[in-house]
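Observations on chain architecture
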Amino acid sequence: MNVIVFVKATIDRNAPLDPDEIHPGDRDDKADVMTNNYDKHAIEAALRIVEEKGEGKVTAVCLGSEMADKVIKEAIAMGCHEAIRIDNANEKITHFFQVAKILAAAAKKISNFDLLLFGMQSYDFGTATMAPMVSEFLDLPVACWVEKITFDGGKVKVDKVIEGGTRTVELEIPAVLSIASSGDYEEPRYTSVRRIMLASKTVVPIWQVSELEVEVPEPSVEFEDIEVPPARTEKCAIIKDGDIPDMVSALMTKLREKGLNIGAYK
Amino acid sequence: MTKVLVILEFAHGKLIGVTKECLTVVKGLGVEAIGVILGHNISELASEAPKYDISKVFKVDDPQFEGVNILYHTRTIEALINQEKPDIVIAGASLYAQEMMPRLASRFNTAMFASVKNLEIDDNEIEAVHPLFEEKLFAKMEADRNKLNFITILRGNNPELEPDASLTGEIINFSPVIDAKDKREHFIEEKMAKISVDITKAKLLVSGGRGVGTKEKFSIIVDTAKALGGEVAASRAAVDAGWVPHDHEVGQTGSTVTPDIYIACGISGAIQHLVGMRNSKTIIAINTDEEAPILEIAHFAIIGDLHAVLPELTKQV
């Protein structure tokens, strides 16, 4: 079974946020870039599927600039057999619609796949749109928020999260899945020193969008200003470094000062 | 007049909260709203929809829609769009809508407004705000209002629309449209957790997360809630771990709550949790980690072990 897993480079959770530098390619310090954390669950799912089948390979695909090399190497270090970076340095990509067009074209070029896997959303834009958009462009069935995967002949059966429960559906292969951060793939594996060494020596092929024979239209929706929300006028009153009774009593005092009575509900 | 097609989603025989939040946004636009509802044996539900200011409700009532099949829904709504020619197709950003709407928009080869907080329309443009980096930044998005636009409205940003019993509308049957290749998806079953409490009505919630530690230790949350006269709430992590039933869950896959007092215990504050509780009037966090994101929205916080803090809190109240 051959699986393609799409990984995204985003600004690191611990890096300072700057509305003018929201893409990894805007930065020049690699420490500011991380693998979109949700994608690690997709990598875990991809690796386990291939391990359990005992045949096939996992190919990681990342659309990004040189700053994304770190992300693609991490995918290899986790165990992906092959990896490709699609260079976006010369592209004017402003909407995730265009990204989906490019990723669908990349899957077509790789061609020999049974499943396309995505993380359930990204840390930066968080729209969770990539799996359903790519599935439509490739005319394949899709299931999102997948927590459990089993196979039956040419079909994949999945449990997916819905509000208040789970829904089980069966899809014909090839299919597109987005993997939940809960469920069977909740804990992505760690990389080993040996794999990190291997990844550092792996030469990752770089594809240009122009090689993918895809038309990337101007999107009908544009992103305009990016703004920092107004700072909270009232900061959190933090009580720390004391005996528990003293801290609780300090909280009670602060609540009373605000006219709040936590005991009013008994 | 601008015509808006609203995807009406339901669960347990009622329109879901995020759909009603979306309906508030639609009502605010002053447009002609039509709706589509898909399922089986849904006549009663469909007849409720006009009370939310929807002039025409297209009802797809068919045994093939007993369970949700994304491909069936996409194909049928595509046909309805081609027939009714709305300017905007909109849905509350439920997990279902986040799966179906991007697929539908892509079928019309259209970029979409995905997961936006609000929506404004003027003579030429549609504008909306989309949060980035778990709401640490916000992006304005813009599109030509004279083209077909697809929009999903994020939960927790707008009040739910209250039904108005005096409003009436037309209920129109719409036949399913299913292509042979849509049968590549096959619905098997749905397992829904039992609903035995309604935490959305509680004035005080004591809520436990992963930091509580174990199922046995979760009893401290239950005991404190009981002592303070509140109800027990939980994050998804605590529900997934089996410490507490799903009907206590707050957040993206649980309830949206706005109590007077929300005491978040051992909850780090993932965005999926925050969307369900951030409009609580007073938020008190009890956490060992001063860097936890919950502190960014909490009004008060004690940095300490919840297992020591909660009994003391009960004692002092």
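For the structure itself, look to the data block above.
Heads up: these notes are all about the structure in this document. (Residues numbered from 1 in each chain as written. Chains lettered and ligands numbered in written order. Predicted model: local features only at pLDDT ≥ 70, side-chain atom pairs only at ≥ 80, totals over all residues. Heavy atoms only, no water.)

1. Some words on the sheet that holds strand E1 (residues 3–7) of chain B
Residue and element names in this part refer to chain B. Applied cut-off: Strand pairing is assigned whenever DSSP identifies at least 2 bridges connecting the two strands. Runs of E in the DSSP output that reach at least two residues are strands. Runs of H or I that reach at least four are helices, and both are numbered from the N terminus. Orientation is described by axes fitted as lines to C-alpha atoms, over the contacting stretch for helices, and by angles from 0 to 180 degrees between their N-to-C directions.
Pairing within the open sheet is parallel, and its seven strands lie in the order E7-E11-E6-E1-E4-E5-E12. The two strands at the open ends of the sheet, each matched to only one other strand, are strand E7 (113–116) and strand E12 (170–173). When strand polarity is set aside, the average angle formed by the axes of neighbouring strands in this sheet is 25 degrees. Sheet topology note: the E1/strand E4 (residues 32–39) ladder contains five bridges and is parallel. Across the sheet, residue Val 4 finds its bridge partner in E4, namely Ala 33.

2. Focus on the pattern of salt bridges
Quick note on the threshold: By definition, a salt bridge exists where a carboxyl oxygen of Asp or Glu is found within 4 Å of a side-chain nitrogen of Lys or Arg. Accessible area is worked out with a 1.4 Å probe on protein chains only. A residue is then buried under 20% of its type maximum, exposed over 50%, and partly exposed in between.
Here the structure, examined in full by the defined rule, presents 34 salt bridges over all chains. In this structure, B:Lys51 and B:Glu48 form a salt bridge, with 3.2 Å as the shortest nitrogen-oxygen distance. On the accessibility criterion, B:Lys51 (23% relative accessible area) is partly exposed. Two residues, B:Lys281 and B:Asp260, come together in a salt bridge whose shortest N-O distance is 3.4 Å. Of this pair, B:Lys281 sits in the loop between helix H7 (271–277) and strand E17 (282–287) while B:Asp260 sits in the loop between helix H6 (236–240) and strand E16 (261–265), and the two are 21 residues apart along the sequence. Several salt bridges converge on common partners, so that one network encompasses A:Glu136, B:Arg75, B:Glu78, B:Arg103, B:Arg107 and B:Asp182.

3. What about the packing of helix H1 (residues 37–53) of chain A against helix H2 (residues 69–78) of chain A?
Residue and element names in this part refer to chain A. For clarity, the threshold we go by: The sense of a crossing depends on the near helix, which, turned anticlockwise from the far helix by less than a right angle, makes the crossing left-handed and, turned clockwise, makes it right-handed. Throughout, a residue-residue contact means that at least one pair of heavy atoms, one from each residue, lies within 4.5 Å. Nonpolar residues are Ala, Val, Leu, Ile, Met, Phe, Trp, Tyr, Cys and Pro. Charged residues are Asp, Glu, Lys and Arg, and all others, Gly as well, are polar.
H2 packs onto H1 with a crossing angle of 35 degrees between their chain directions and a minimal axis gap of 10 Å. Viewed along their axes, H1 and H2 form a crossing whose handedness is right-handed. Taking contact as the criterion, the partners of Lys 40, Ile 43 and Leu 47 in H1 are, on H2, Glu 74, Ala 75 and Met 78. Taken together, the residues that form the contact of H1 with H2 break down as four nonpolar, no polar and two charged.

4. Details of the layout of surface pockets
All names here are of chain B. Our working rule: Only protein atoms enter the 1 Å grid, on which a cavity is a set of points fitting a 1.4 Å probe that cannot get out and a pocket is an open set with protein on both sides within 12 Å along at least 5 of 7 lines, lining residues being those with an atom within 4 Å of a point. Grid points are joined across faces, edges and corners, and a volume is the space filled by probe spheres set on the points.
Of the volumes computed, that of the second largest pocket is approximately 1400 Å³. Phe 10, Ala 11, His 12, Lys 14 and Ile 16 are, among the 47 residues lining the second largest pocket, the residues nearest its centre. Contributing elements (two or more residues each) for the lining of the second largest pocket: strand E2 (10–11), strand E3 (14–15), helix H1 (17–29), E4, helix H4 (95–107) and strand E13 (185–192). By residue number, the principal contributor to the lining of the second largest pocket is H1, which donates four residues. Considering only residue class, the lining of the second largest pocket consists of 18 nonpolar, 15 polar and 14 charged.

5. What to know about the interface of chain B and chain A
To be explicit about the condition: Joining two parts hides part of their accessible area as seen by a 1.4 Å probe, and the buried area is that hidden amount summed over both. We call two N or O atoms a polar contact when they sit within 3.5 Å, provided that within protein one can donate a hydrogen and the other can accept it, with sequence-adjacent residues counted only if both atoms are side-chain atoms.
Every contact between the two is made by 79 residues of chain B and, on the other side, 83 residues of chain A. For chain B, the biggest contributors to the area lost against chain A are B:Phe133, B:Arg184 and B:Phe300; these three give 11% of the whole. Applying the counting rule to chain B against chain A returns ten salt bridges. B:Arg184 is the partner of A:Asp139 in a salt bridge, and the nearest nitrogen-oxygen pair spans 3.1 Å. Where chain B packs against chain A, one counts 40 residue pairs in polar contact (both at pLDDT 80 or more). Residues that form the side of chain B that touches chain A fall into these classes: 38 nonpolar, 17 polar and 24 charged. Here strand E13 (residues 237–239) of chain A pairs with strand E18 (residues 300–303) of chain B via three bridges, running parallel. Note on E18(B): the bridge partner recorded for A:Ala237 is B:Phe300.

6. Re the packing of aromatic side chains
Cut-off, in case you're wondering: Pairing of aromatic rings covers Phe, Tyr and Trp, the last counted by its six-membered ring, and requires centre-to-centre distances within 6.5 Å; plane angles under 30 degrees mean stacked, over 60 mean edge-to-face, and any other angle means tilted.
One pass over the full model with this rule turns up nine aromatic pairs over all chains. Note on A:Tyr123 and B:Phe133: the rings are 5.4 Å apart at their centroids and 75 degrees apart in plane angle, and the pair reads as edge-to-face. Here A:Tyr123 is found in the loop between strand E6 (115–119) and helix H4 (130–137), whereas its partner B:Phe133 is found in the loop between strand E9 (125–132) and strand E10 (137–144) on a different chain. Residue classification places B:Phe133 among the buried positions, given a relative accessible area of 0%. Through pairs of rings, three or more aromatic residues link up here, namely A:Phe96, A:Phe125 and A:Phe223.

7. Some thoughts on empty space enclosed by the protein
Heads up, the rule is: By convention here, the domain bounds are inherited from an automatic or database domain assignment.
Per the counting criterion, the structure on display carries two cavities of 30 Å³ or more. By volume, the largest cavity is sized at about 340 Å³. Forming the boundary of the largest cavity are 25 residues, of which A:Gln121, A:Gly126, B:Leu154, B:Gln252 and B:Ile271 lie nearest the centre. Here the lining of the largest cavity gathers at least three residues from each of two domains, domain 1 (3–184) and domain 2 (199–315) of chain B. Residue lining of the second largest cavity: A:Asn2, A:Val3, A:Ile4, A:Lys57, A:Thr59, A:Ile110 and A:Asn112, and that is the complete set. Per-class residue counts for the lining of the second largest cavity are three nonpolar, three polar and one charged.

8. So, unusual backbone geometry
In the segment running from A:Ile173 into A:Pro174, the intervening peptide bond is cis, with an omega of 5 degrees. Topologically, A:Pro174 is positioned in the loop between strand E9 (165–172) and strand E10 (175–179). Even without glycine at this site, A:Ser111 takes up a positive phi of about 60 degrees. Checked against the element boundaries, A:Ser111 lands in the loop between helix H3 (96–110) and E6. In this structure, B:Ser115 is a non-glycine residue whose phi angle is positive, near 55 degrees. By the element assignment, B:Ser115 lies in strand E7. Among the residues examined, B:Ser115 registers a relative accessible area of 3% and is labelled buried.

Everything listed here is a matter of coordinates, which is why it stays silent on function.
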